[in-house]
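The primary structure of each chain is shown beneath.
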Amino acid sequence: MITFDHLENVLHPENVLYKLTDAEDAFVIVQLNKAEDLGFRYSNDSEMQPFALFKGLVSARKDMYPLEYLFKPDFFLCQD
């Protein structure tokens, strides 16, 4: 399991677990937020969609994110 936030935010009961493969060997943990809760406004209410904040990755696959990749990840974590 790889976490992208504090553990209490990753394991929050309202988060959603989505499978990444049909083999169900990799999952992403997602927190869905209303746009206005994050400071965004839509010009048209019919376009309103929740924002997905990725909180973690759970995988049984050793080839997906090898340890060497995690030392030099190809993503950035930021805090607002």
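Criteria and cut-off values
- Residues numbered from 1 in each chain as written.
- Predicted model: local features only at pLDDT ≥ 70, side-chain atom pairs only at ≥ 80, totals over all residues.
- Heavy atoms only, no water.
- Helix = DSSP H or I, 4+ residues; strand = E, 2+ residues; numbered from the N terminus.
- Contact = heavy atoms within 4.5 Å.
- Polar contact = N/O pair within 3.5 Å; in protein donor to acceptor, adjacent residues only side chain to side chain.
- pLDDT = per-residue confidence, 0-100.

Okay, the environment of Asn-15 next. Looking at where Asn-15 falls in the secondary structure, it is placed in the loop between helix H1 (7-10) and strand S2 (16-19). Counting along the chain gives 15 residues from Asn-15 to Val-30, while the straight-line C-alpha distance between them is 5.5 Å. Contact partners of Asn-15, with chain neighbours within four places excluded, come to Asn-9, Val-10, Ile-29, Val-30, Gln-31 and Lys-55. A distance of 3.0 Å separates a polar atom in the side chain of Asn-15 from the backbone oxygen of Val-10.

Predicted confidence across the protein chain gives a mean pLDDT of 77, with 60% of residues reaching 70 or more. Per-element confidence in the protein chain is highest for H1, whose mean pLDDT is 92, and lowest for helix H2 (residues 67-71), whose mean pLDDT is 61.

As for its placement among the helices and strands, Val-30 is situated in strand S3 (residues 26-33). Each C-alpha atom of the pair Val-30 and Leu-11 lies 9.9 Å from the other, and the pair is 19 residues apart in sequence. Residues contacting Val-30, with those up to four places away along its chain left out, are Asn-15, Val-16, Tyr-18, Ala-52, Leu-53 and Phe-54.

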